[in-house]
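Working through the structure, step by step
Below are the chains, spelled out letter by letter.
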Amino acid sequence: MKEITDIIRSYESAVSAGKKTALATVVHVEGSSYRRPGARMLVTDDGQLTGAISGGCLEGDALRKALLAISQQKNKLVTYDTTDDNDTTLGVQLGCNGIVHILFEPIHSDDELNPIALLKKALEKRQNAVVITLFSLYSRTAIQPGTCFLDLETDRVTMDNLSQPALLEQLLPEAALVKERQESFFKELDFEGQKLTSFVEYLRPAPALIIAGAGNDTIPLSEMAGILGWNVTVVDGRNGHATRQRFPKASQVIVAKASEVLSHIQADARTFFVLMTHNYNYDLALLKELIELEECIYIGALGPKKKLEKMFGDLRKEGIEVTEQQKSKIFGPVGLDVGAETSEEIALSVLAEIKAVLNGRTGISLREKPEPIHSRTDQKVDYRKSTREDFLCEIQTSQS
């Protein structure tokens, strides 16, 4: 979500400066690519780029295509075929062996429901969202409707070009399905004799990291989590340590007793806690509160295993038996085993572990994975498969 947040911020600055903009979105991929569907980049008419659609290989040509979309004020789908390592048609040698479809949408700032506005609405509240982008995958001359549908837990927004009930009726079940699956997918639709591919995208809120402890060793953790775009809260009982000056990147800095922490926080399934106060009694009191949070999937505890076992023992003396299920979400010692020593290295270790837990991964080296880095499930389209010859004849390279 950080990329979208950065794009929105840059877009608002561009509008204030009177600049025109276009949004480039990776809407479909076949094979390998650096970025996956949903990657976005904002382009201004003076060439400023925010976000990324590749590892830097496509951005130069994408800039030219975005400027063309701004000039023509028309959505444009461009396809880059990088399956031939010896093909220098693009002027770059990507080595990704994939086919990447990128949709360019000129943004009309006077349209309250333009694609950026829809993305902004998706970020305004901490809730899951469904964004649907429509495009014609196999026809270079067909219309490209673009980003046109947003479904939030409490609201639904559609653009004017979805005023046709027949098309809207096809999208509503897909929005319901993606919320049930909690995973993005593709679906081909028929509308007035034209085949449209819908990228039904499931957007989750940014992770929220609650750092209990405002010592010097938590500063790198707060800074690094901020770089990732996570929502960071620092809480401590010492008002001399928990200050905005020490943690400028944190969303919240709270001075509170351990028993009061949860009254300041709206925890959900994407909220992660790390106990780093170096105050045993504070950590113990907070752990007592946290183990009762059913939605919490991660509690990191700084220190050796003996400390955590002592905490379980002290809770047992209070008549609180920590169950195996509760213990399964407590990570102590906190972090992945990367040989961390300094506070910066420990922060890296902790964030890597949280990221792995968040995505259901083990944190192994990528070279040990028998399957590709990225799952191929986000490449499947529910439709009648065209032949490869039919597909390639519609590909637009940078020369088109």
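Use the structure listed above.
Residues numbered from 1 in each chain as written. Predicted model: local features only at pLDDT ≥ 70, side-chain atom pairs only at ≥ 80, totals over all residues. Heavy atoms only, no water.

Right, let's talk about the sheet that holds strand 4 (residues 76-81) for a bit. Ordered in space as 3-2-1-5-4, the five strands form an open sheet in which the pairing is antiparallel. Across the chains shown, the open sheet's two edge strands, defined by having one partner strand only, are strand 3 (49-51) and strand 4. When the angles between neighbouring strand axes are averaged without regard to direction, this sheet yields 25 degrees. In the sheet, strand 1 (residues 21-31) pairs with strand 5 (residues 98-107) via 10 bridges, with the strands oriented antiparallel. Note on strand 5: the bridge partner recorded for Val29 is Val100. The strands touched by helix 2 (residues 59-72) are strand 1, strand 2 (40-44), strand 3, strand 4 and strand 5; relative to strand 2, the strand with the most contacts, the crossing angle is about 60 degrees. (Pairing = 2+ DSSP bridges. Helix = DSSP H or I, 4+ residues; strand = E, 2+ residues; numbered from the N terminus. Axes fitted to C-alpha atoms, helices over the stretch in contact; angles between N-to-C directions. Contact = heavy atoms within 4.5 Å.)

Going from Gly332 to Pro333, the amide bond is cis rather than trans, its omega being 0 degrees. Its identity as a non-glycine residue notwithstanding, Gln182 has a phi of 60 degrees, on the positive side. On the secondary structure map, Gln182 appears in the loop between helix 4 (165-181) and strand 9 (185-191). Non-glycine residue His278 carries a positive phi angle of around 60 degrees. Examined against the element boundaries, His278 turns out to sit in the loop between strand 14 (271-275) and helix 6 (280-290).

Right, let's get into the side chain of Ser54. With respect to the helices and strands, Ser54 occurs in the loop between strand 3 and helix 2. At 3.1 Å, the side chain of Ser54 forms a polar contact with the backbone nitrogen of Gly56. A polar side-chain atom of Ser54 sits 3.0 Å from the main-chain amide nitrogen of Leu58. (Polar contact = N/O pair within 3.5 Å; in protein donor to acceptor, adjacent residues only side chain to side chain.)

Put simply, the second largest pocket is a space of about 650 Å³. Breaking the lining of the second largest pocket down by element, the ones donating at least two residues are helix 1 (2-16), helix 3 (115-124), strand 11 (208-212) and strand 12 (231-236). The element best represented in the lining of the second largest pocket is helix 1, accounting for four residues. Along the lines of polarity and charge, the residues of the lining of the second largest pocket split into 11 nonpolar, 11 polar and six charged. (1 Å grid on protein atoms, 1.4 Å probe; cavity = no way out; pocket = protein on both sides within 12 Å on 5 of 7 lines; lining within 4 Å. Points joined across faces, edges and corners; volume = space filled by probe spheres on them. Nonpolar A, V, L, I, M, F, W, Y, C, P; charged D, E, K, R; others polar.)

Packing of helix 6 against helix 7 (residues 305-317) leaves a shortest axis separation of 11 Å and a crossing angle of 60 degrees. Comparing the axis directions of helix 6 and helix 7 gives the class oblique. Two packed elements cross with a definite hand, and for helix 6 against helix 7 that hand is right-handed. Across the interface between the two elements, Tyr280, Asp283, Leu284, Leu287 and Lys288 from helix 6 touch Lys307, Leu308, Lys310, Met311, Phe312, Asp314 and Leu315 from helix 7. Looking at the contact of helix 6 with helix 7 residue by residue, the classes come out as seven nonpolar, no polar and five charged. (Parallel < 35°, antiparallel > 145°, perpendicular 65-115°, else oblique. Left-handed = near helix turned anticlockwise from the far one by under 90°.)

Attention now goes to the pairing of strand 5. Looking down a regular strand, the side chains alternate between one sheet face and the other. Counting buried residues in strand 5 gives 10 out of 10 residues, a clear majority hidden from the surface. Burial along strand 5 is two-sided: Gly98, Val100, Ile102, Phe104 and Pro106 facing one way and Ile99, His101, Leu103, Glu105 and Ile107 facing the other are all buried. Strand direction decides the pairing type here: strand 4 and strand 5, joined by six bridges, are antiparallel. Residue Thr79 lies in a different strand from strand 5, and its bridge partner there is His101. (Buried < 20%, exposed > 50% of the residue type's maximum accessible area, 1.4 Å probe, protein only.)

So, about the packing of aromatic side chains. All told, the structure shown has three aromatic pairs when counted by the stated rule. Summarising the aromatic geometry, the rings of Phe186 and Phe199 are spaced 5.0 Å apart at their centres and angled 20 degrees between planes, so their arrangement reads as stacked. Linking Phe186 in strand 9 with Phe199 in strand 10 (residues 194-203), this pair joins segments that are 13 residues apart in sequence. We note that Phe186, like Phe199, is buried. For the cation-ring pair, Arg181 lies above Phe185, with the distance from its terminal atom to the ring centre recorded as 4.7 Å. (Phe/Tyr/Trp six-rings, centres within 6.5 Å; stacked < 30°, edge-to-face > 60°. Lys NZ or Arg CZ within 6 Å of the ring centre and 35° of its normal.)

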